[in-house]
Amino acid sequence: MNELEERLRREMAAAVQEVQAPAWLPAAASRGGRRRVRRRRALLVAPAGAVAAGVVGVVALGQGGWPGTGAASSVSPAAGAPAAPEAATSAAAEATPDPLEQARLDAYFAAGYGWEEAVQLGRLWNVEPVEAKVTAGADLLDGRELPVAAPAAPADPEAPQRDAFFAAGYTMDDAVQLGQLWNVGTYEAKITGGTELLAGRQLPIAPSAPGSDGAAAGPATDPAAEVAEERRDAFFTAGYDYDDAVQLARLWNVEPDEAKTMGGELLLAGGRLPIQP
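As the structure is a computational prediction, the values presented were derived from the model and not from experiment.

Take the overall build of the protein next. Of regular secondary structure, the protein possesses 13 helices and 2 strands. The proportion of buried residues among the 277 residues of the protein is 26%. Within the protein, residue pairs in contact and separated by at least 24 positions form 58% of the contacts whose partners lie at least 6 positions apart. Just so you have it, the protein exposes about 18300 Å², and 57% of that area is on carbon and sulfur atoms.

Before going further, it helps to examine unusual backbone geometry. Residues other than glycine seldom take positive phi values, yet Asn126 does so here, at roughly 60°. Within the fold, Asn126 resides in the loop between α6 (115–125) and α7 (129–141).

Before going further, it helps to spend a moment on helix α13 (residues 256–268). Compared with the 18 Å implied by 1.5 Å per residue over 13 residues, the 18 Å span of α13 between its first and last C-alpha is a close match. Residue Gly270 follows α13 closely and has a positive phi angle near 95°.

Before going further, it helps to spend a moment on the nonpolar core. With 10 residues, the main nonpolar core is built from Phe235, Tyr240, Ala245, Leu248, Ala249, Ala259, Leu266, Leu267, Leu273 and Ile275. Mapped onto this core, the elements with two or more residues apiece are α12 (242–252) and α13. Sequence-distant contacts of Leu273, defined by excluding residues within four places in its chain, comprise Phe109, Phe235, Tyr240, Leu248, Trp252, Gly263, Leu266 and Leu267.

A few words on the packing of aromatic side chains. Per the stated rule, a full pass over the model turns up 6 aromatic pairs. Centre to centre, the rings of Phe165 and Tyr170 are 5.2 Å apart; their planes meet at 25°, and the pair counts as stacked. In this structure, Phe165 and Tyr170 share a single accessibility class: buried. Judged by centre distance (5.4 Å) and plane angle (80°), the rings of Phe235 and Phe236 are edge-to-face. A relative accessible area of 0% means that Phe235 is categorised as buried.

Moving on, we come to helix α5 (residues 99–110). Taking 1.5 Å of rise per residue, the 12 residues of α5 would be expected to cover 16 Å, and the 16 Å separating its terminal C-alpha atoms lies within 8% of that figure. In this structure, the buried side of α5 is in contact with α6 and α7. Downstream of α5 by one or two residues, Gly112 has phi in the positive range, about 95°.

Across all of its chains, the model carries 10 salt bridges by this definition. Among the ionic pairs, Asp139 bridges to Arg144, the shortest N-O distance being 2.7 Å. The class of Asp139 is buried, set by a relative accessible area of 15%. Given the relative accessible area of 43%, Arg144 is considered partly exposed. A network of salt bridges, in which partner residues are shared, links Lys190, Glu229, Arg232, Asp233, Asp257 and Lys260.

Our next topic: the packing of α12 against α13. The interhelical angle for the contact between α12 and α13, taken along N-to-C directions, is 90°, at an axis separation of 8 Å. In terms of their interaxial angle, α12 and α13 are classed as roughly perpendicular. On α13, the residues touching Tyr242, Ala245, Val246, Leu248, Ala249 and Trp252 of α12 are Pro256, Ala259, Lys260, Met262 and Gly263. Tallied by class, the residues present in the contact of α12 with α13 amount to 9 nonpolar, 1 polar and 1 charged.

Glancing now at the side chain of Glu117. For Glu117, the position within the fold is in helix α6. Within the structure, Glu117 has its side chain in polar contact with the backbone nitrogen of Gly114 (distance 2.7 Å). Each residue touching Glu117, except ones within four places of it in the same chain, is listed here: Tyr108, Val148, Ala149, Pro151 and Arg272.

This next bit is on the side chain of Thr261. Looking at the element boundaries, Thr261 is found in helix α13. Thr261 sits in the buried class, given a relative accessible area of 14%. Discounting chain neighbours no more than four positions away, the residues touching Thr261 are Ala228, Arg231 and Arg232.

Cut-offs used in this document
Residues numbered from 1 in each chain as written. Predicted model: local features only at pLDDT ≥ 70, side-chain atom pairs only at ≥ 80, totals over all residues. Heavy atoms only, no water. Helix = DSSP H or I, 4+ residues; strand = E, 2+ residues; numbered from the N terminus. Buried < 20%, exposed > 50% of the residue type's maximum accessible area, 1.4 Å probe, protein only. Contact = heavy atoms within 4.5 Å. Areas by Shrake-Rupley, 256 points an atom, 1.4 Å probe, with all protein chains shown as cover. Expected span 1.5 Å × (residues − 1). Core = buried A, V, L, I, M, F, W, Y, C linked by side-chain atoms within 4.5 Å. Phe/Tyr/Trp six-rings, centres within 6.5 Å; stacked < 30°, edge-to-face > 60°. Salt bridge = Lys/Arg side-chain N within 4 Å of Asp/Glu carboxyl O. Axes fitted to C-alpha atoms, helices over the stretch in contact; angles between N-to-C directions. Parallel < 35°, antiparallel > 145°, perpendicular 65-115°, else oblique. Nonpolar A, V, L, I, M, F, W, Y, C, P; charged D, E, K, R; others polar. Polar contact = N/O pair within 3.5 Å; in protein donor to acceptor, adjacent residues only side chain to side chain.

Put into structure tokens, the structure is as follows:
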């Protein structure tokens, strides 16, 4: 050994003199060595399935990373594992509404029934209100009557004004013209015009419907358009707006304008819509 090697040996010895291993470290190291030897021997003779299970098995560690120095914490092999395909399929099925169930719910609401009636039916049938609505809708689709009557539709307080407006020979075109004169909407123009006529006052324009008193022969009015407009008026009179029409259009798979007409028709027939205004 030359002088350089001797000096390095002395410096290394001096550097490690103050480093003292814990009293338990030699014994733990010995036990760890024996365990590793036993595991290697077991792996040599164990079947492949057992080896795989050992690789993904529970790992127990003491506090601080040393065996036996604290409470062990377990890590399950299933932690962090991807969700089973069956669970994903079940979640997707729950997110997709059942067409038959939706049809029954639509029939329930279309008949004018609401939440309060569902509660009453649920008590009679000893089921939850949600299930009662579905069951009641199925009965209605089959033509059976329910043991609870649907509530009466609210009366239309503006029906007399509208009826007077059209009975005097005024049309939708007249309502548009009056709305422009009075700076109001078409519907409000009809109500205001009908109010004036019921009070015995004349409107600033003559009615344009053929055959009406004092009216010039004007363009013929489409009866179907009149009916559609009356239904839309009923829709808005009940407190519904365009956003409600969009929501109904999604439920009924139609355009919002058609949803307004359908909703008004149902309201005029004494029914109730599946959403509240």
